[in-house]
Amino acid sequence: MAVRSVLIVGGGISGLTTAIALAQRDVRVTLVERAPAFARVGHGLTVQGNALRVFREIGVLDRVMQHSHPEEEGVTLFHSDGSVMMHLETPRTGGPDLPPTIGVLRADVHEILVERATELGVELRLGTELVSFDNHGDSASTLLSDGSTEFWDLVIVADGIRSQTRAKLGIPDEPAPSGLGIWRAVTDRLPEMTGGIAFPAPGDEGAFKVGYTPISATQCYVFVLCSPQRTANDLPDWQEMRRLMEPFHGQFDWLRESIDDSRFLNFQEIEWIFAEGPWHQGRVIAIGEAVHAVPPLIAQGAAQCVEDAWLLADYVTREGDLETQLTEFEARRKPRIKGVVDASLQLAYWECHPGTPGADPGRVMAQSLIALLEPA
Ligand SMILES: Cc1cc2nc3c(=O)[nH]c(=O)nc-3n(C[C@H](O)[C@H](O)[C@H](O)COP(=O)(O)OP(=O)(O)OC[C@H]3O[C@@H](n4cnc5c(N)ncnc54)[C@H](O)[C@@H]3O)c2cc1C
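Structure report, in brief. Since the structure is predicted, the reported quantities are computational estimates derived from the model, not experimental observations. Within each chain, residue numbers correspond to sequence positions counted from 1 in written order. pLDDT decides what is reported in this predicted model: residues at 70 or higher carry local features, side-chain atom pairs at 80 or more are listed and counted, and totals for whole chains, interfaces and linings draw on all residues regardless.

**Focus on the overall build of the protein chain**
Looking only at helices and strands, the protein chain has nine helices and 20 strands in total. For 376 residues, the compact-globule formula gives about 21 Å, and the C-alpha radius of gyration of the protein chain, at 21 Å, lands near that figure. When contacts within the protein chain are restricted to residue pairs at least 6 apart in sequence, those whose partners lie at least 24 apart make up 72%. The way it works is that DSSP assigns letters per residue, a run of H or I at least four long becomes a helix, a run of E at least two long becomes a strand, and they are numbered from the N terminus. The quantity called the radius of gyration is restricted to C-alpha atoms. Its globule counterpart is 2.2 Å times the number of residues to the power 0.38. C-beta atoms are first placed from the backbone for all residues, and any pair lying within 7 Å is then listed as a contact.

Structural data, given as structure tokens:
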């Protein structure tokens, strides 16, 4: 086996999934996370079949399914007056025996991953960050914020889109604006609300589109896609989100009314990054959003992160030369992720430029998901 001891930097979905996948293969894993505690982040997450396939491999699928809502029915597209435009089936990217997608609270996925990592003996060090690293041929050393210097067979950096390690690895790419902002809230739903996206009427200003995904029998998360600058007004956030939803009717009237100041709600600009060049230097490699983050228009961000995790663990626990394994891992991952990035950026452009001749979001979305039917 090429590696026996690994440091993972970052306790998000990428870092935790990698830790579990390696620990399952009897690698000694330490994970450092800068935050002093794993906070319960309240957003909803759409998890597609290809991510569920990885969750099954790492032994968390049953727990995730218990906390989620499967979307067997696909997504309904609505006109802004609430009438149905069409129904879209989502390809089963995880194979025929897994739901095409599920909706779940991000915090629940995170807690399940932490629980599984702990069961497998991963050493979790919270409130600790990577300060610097050095390569020494057959090992890499790290200086951590607790002052310790340690040696590892491999250091895996999964420190997210704001990665401070990326530049130290010689990766020049930085996050770029997508032209989009997003409001998100977790709220109640009625049983007949099975997941939908509504588009504005020509001339409507404000939101590019609104949508919701069920995350349980009684709850869903709602999003509003809009320009990246929050409108300058005195409205509290929940009222601003309701204002942007005003042109949308039918089910969206009900959802809008259920948003109040008791809901977890936030607004953020959406950025993207894709590092085409090498992700590794010696025995230190970056994965996940540190090297690829996409606008969430086909909801593949986390799925691509967990595919990284699963495949990297597979490559580096084979017999052979680590440099070759890391190079082959990258060569296998990049074309697949690039397909998702290109499709997501095309969709983001069309969102920002409604009425673009030839725009065909349904086709681009379907083609990019169909390309993922082939396992990673
Ligand atoms: C608005 C929005 C909606 C999204 N919706 C979806 C969706 O529906 N479905 C989907 O699949 N994906 C979605 N995504 C994408 C998905 O959330 C991300 O791809 C995924 O969470 C990235 O995980 P990560 O572990 O790579 O990074 P992160 O979650 O950012 O984790 C990085 C971790 O590293 C830690 N860290 C940073 N620096 C250091 C350091 N020096 N030392 C130690 N620790 C450090 C951070 O504290 C953090 O915990 C969405 C993204 C956005 C922005």
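There's more to say after this.
**Describing the nonpolar core**
Nonpolar cores are identified as sets of buried Ala, Val, Leu, Ile, Met, Phe, Trp, Tyr and Cys residues joined via C-beta atoms within 7 Å. Put plainly, a residue is buried at 20 or more neighbouring C-beta atoms within 10 Å of its own, exposed at 12 or fewer, and partly exposed in between, counting only other residues' C-beta atoms, which are placed from the backbone. One finds Val-6, Ala-19, Val-155, Ile-156, Val-224 and Ile-287 to be the most contacted residues of the largest nonpolar core, which totals 108 residues. For this core, the leading source of residues is helix H7 (residues 301-316), giving 11 residues. Setting aside residues up to four positions removed in sequence, Val-224 forms contacts with Ile-182, Trp-183, Ala-207, Val-210, Met-241, Leu-244 and Met-245.

**Re helix H4 (residues 106-119)**
The length a helix should cover is 1.5 Å for every residue beyond the first. In this model, H4 (14 residues) spans 20 Å end to end at C-alpha, consistent with the 20 Å of a helix rising 1.5 Å per residue. Buried residues of H4: Arg-106, Val-109, Ile-112, Leu-113, Arg-116 and Ala-117, and no others. End-on, the buried residues of H4 take up no more than an arc of 135 degrees, which puts them together on one face. Buried residues along H4 sit in contact with helix H1 (13-24), strand E2 (28-33), strand E3 (44-48), helix H3 (61-66), strand E7 (101-105) and strand E8 (123-126). Looking one or two places after H4, you find Gly-121, whose phi comes out positive at around 85 degrees. In this description, the arc belongs to the directions extending from the helix axis to the C-beta atoms.

**What to know about the site of the ligand**
The criterion for a residue being near a molecule or strand is simple: its C-beta atom, placed using the backbone, must lie within 6 Å of it. Around the ligand there are 33 residues in total, and Gly-10, Gly-12, Gly-160, Gly-288 and Gly-301 lie nearest to it. Residue contributions to the shell around the ligand peak at four residues, all from H7. Residue type decides the class: Asp, Glu, Lys and Arg count as charged, Ala, Val, Leu, Ile, Met, Phe, Trp, Tyr, Cys and Pro as nonpolar, and the leftover types, Gly among them, as polar. Of the residues contributing to the shell around the ligand, the split by class is 16 nonpolar, 12 polar and five charged. Each of domain 1 (5-69 + 104-175 + 272-370) and domain 2 (178-270) contributes no fewer than three residues to the shell around the ligand. The domain boundaries here were taken from an automatic or database domain assignment.

**Let's talk about the packing of H1 against H7**
Geometry of a packed helix pair, given as the angle between the helix axes and the separation of the axes. Contact pair H1 / H7: the axes reach a minimum separation of 8 Å and the direction vectors enclose 30 degrees. What the angle tells us is that H1 and H7 run roughly parallel. Viewed along their axes, H1 and H7 form a crossing whose handedness is right-handed. Counting all contacts with H1, which are made through Ile-13, Ser-14, Thr-17, Thr-18, Ala-21 and Leu-22, the residues of H7 involved are Ala-302, Cys-305, Val-306, Asp-308, Ala-309, Trp-310, Leu-312 and Ala-313. Each axis is a line fitted through C-alpha atoms, and for a helix only the stretch in contact is used; angles between axes span 0 to 180 degrees, taken between their N-to-C directions. In these notes the angle categories are as follows: under 35 degrees is roughly parallel, over 145 is roughly antiparallel, 65 to 115 is roughly perpendicular, and the rest is oblique. In this scheme the handedness of a crossing depends on how the near helix is turned from the far one: anticlockwise by less than a right angle means left-handed, clockwise means right-handed.

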